[in-house]
Amino acid sequence: MINNKKIAVILPAYNAALTLQKTFNEIPHDIVDDIILTDDASKDKTVEIAHKLNIHTIIHQSNKGYGANQKTCYKAALDRGADIVIMLHPDYQYSPKLLSAMVCMLISGHYDGVIASRILGKGALAGGMPLYKYIANRGLTFIQNILLNYKLSEYHTGYRGWTKELLQSLPFETYSNDFIFDNQMMAQAIYHNFRIGEISCPTKYFKEASSINLKRSIIYGLGVLKTSVEYRLNKLISMSNKRYKK
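Being a predicted model, the structure only gives us computed values, none of them experimental.

**A closer look at helix α8 (residues 181-191)**
Counting buried positions along α8 gives eleven out of eleven residues, so the element sits mostly inside the fold. Residues Phe-181, Asp-182, Asn-183, Gln-184, Met-185, Met-186, Ala-187, Gln-188, Ala-189, Ile-190 and Tyr-191 constitute the buried set of α8. Where α8 terminates, the next one or two residues include Asn-193, which has phi positive at roughly 65°.

What follows is the structure, given as structure tokens:
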């Protein structure tokens, strides 16, 4: 807890047995009040390890998707009284040691959301991000910054944090159950004038770290473009999409 704010870390997990312990060990437990893991029907020992670590664990009996996993995580964090929620992938691709910095940004009163960017600095390629993913990330981000009239170094990181007020204001239950969930949420946060900050974050690409294949990457990229165009249209003209209604 910092400044009387309850800090929750959510871990959307799928087959994270080989990396969960490492991720957990580097979480700054001195400031974190609650750790919540939602297991999306993993086929390994993710749940068993989570229980051994005394992590509050929610189990999906069937695989519902990355977005659905986050919905469960966020709802649980709010129900358990979180004021600040940090979403961290338990695949050890991002550094849990940056949690303290992200929390401090959110409790400062300057930001409602914060992302840990792999693109700021030279963390992405140095950490092993495939070149085609780096190029796609930069290209999509360039287009998104134009359409969303915002300026972020990337929109695609899996390490982000939010205030309770933002989470309670956005209809995240209506978002996609797939990977595009993150982009829909960011577009909504910007649309509703929430303030988003960034920090630089090193990343690690290795065999055990989660990653979507080329086909899923293409589907994701098309979804990003659709989300950004939808945002711009709703800024220009009145549309019926309920996500864009205050």
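Still more to cover.
**Structural notes on the packing of helix α3 (residues 66-79) against α8**
Running from N to C, α3 and α8 point in directions that differ by 55°, and their axes come no closer than 8 Å. One element, α3, and the other, α8, form an angle in the oblique class. Of the residues in α8, those in contact with Tyr-66, Gly-67, Gln-70, Lys-71 and Tyr-74 of α3 are Phe-181, Asp-182 and Met-185. Of the residues in the contact of α3 with α8, the class split is four nonpolar, two polar and two charged.

**A look at the pattern of salt bridges**
In total, this model carries seven salt bridges according to the counting rule given. The closest approach of N and O atoms between Lys-75 and Asp-79, which form a salt bridge, is 3.1 Å. Residue Lys-75 and its partner Asp-79 are both found in helix α3; the two are separated by four residues, about one turn of the helix. Lys-75 sits in the partly exposed class, given a relative accessible area of 42%. Owing to a relative accessible area of 57%, Asp-79 belongs among the exposed residues under this scheme. Lys-164 is the salt-bridge partner of Asp-83, the closest N and O atoms lying 3.4 Å from each other. Of the two residues, Asp-83 is situated in the loop between α3 and β4 (84-87) and Lys-164 in helix α7 (residues 164-169); the sequence distance between them amounts to 81 residues. Given the relative accessible area of 16%, Asp-83 is considered buried. We classify Lys-164 as partly exposed; its relative accessible area is 25%.

**Remarks on the side chain of Ser-42**
Relative to the assigned elements, Ser-42 resides in the loop between β2 (34-40) and α2 (46-52). There is a polar contact of 2.4 Å between the side chain of Ser-42 and the side chain of Asp-39. Discounting residues that sit within four places of it in the chain, Ser-42 has contacts with Ala-13, Tyr-14 and Asn-15.

**A word on the pairing of strand β3 (residues 56-60)**
Looking at chain direction, β2 and β3 are connected through five bridges and run parallel. Paired with Asp-40 across the bridge in β3 is His-60. With α2 bridging β2 and the parallel β3, this β-α-β connection has right-handed handedness.

**Quick look at the environment of Asn-3**
Turning to its location among the elements, Asn-3 is positioned in the segment before β1 (7-13). The class for Asn-3 is exposed, based on a relative accessible area of 58%. Between the C-alpha atom of Asn-3 and that of Ser-108, which follows or precedes it by 105 residues, the distance is 9.6 Å.

**Focus on the nonpolar core**
In this structure, Ile-55 and Tyr-159 are the most contacted members of the largest nonpolar core, which totals 33 residues. Of all the secondary-structure elements, those providing two or more residues to this core are β1, α1 (20-25), β2, α2, β4, α4 (99-107) and β5 (113-117). Here the element with the most residues in this core is α4; it accounts for six residues. Val-85, Ile-115, Leu-148 and Phe-172 belong to the second-largest nonpolar core, a separate cluster that totals 31 residues.

**With respect to the environment of Ser-117**
Tracing the chain through its elements places Ser-117 in strand β5. With 23 residues separating them in the primary sequence, Ser-117 and Tyr-94 have C-alpha atoms 9.7 Å apart. In this structure Ser-117 touches Ser-153, Glu-154, Glu-198, Ile-199, Ser-200 and Cys-201, once residues within four positions along its chain are discounted. Separated by 2.5 Å, the side chains of Ser-117 and Ser-153 make a polar contact.

Rules behind the numbers
- Residues numbered from 1 in each chain as written.
- Predicted model: local features only at pLDDT ≥ 70, side-chain atom pairs only at ≥ 80, totals over all residues.
- Heavy atoms only, no water.
- Buried < 20%, exposed > 50% of the residue type's maximum accessible area, 1.4 Å probe, protein only.
- Helix = DSSP H or I, 4+ residues; strand = E, 2+ residues; numbered from the N terminus.
- Axes fitted to C-alpha atoms, helices over the stretch in contact; angles between N-to-C directions.
- Parallel < 35°, antiparallel > 145°, perpendicular 65-115°, else oblique.
- Contact = heavy atoms within 4.5 Å.
- Nonpolar A, V, L, I, M, F, W, Y, C, P; charged D, E, K, R; others polar.
- Salt bridge = Lys/Arg side-chain N within 4 Å of Asp/Glu carboxyl O.
- Polar contact = N/O pair within 3.5 Å; in protein donor to acceptor, adjacent residues only side chain to side chain.
- Pairing = 2+ DSSP bridges.
- Right-handed = clockwise from strand over helix to strand, strands pointing away.
- Core = buried A, V, L, I, M, F, W, Y, C linked by side-chain atoms within 4.5 Å.

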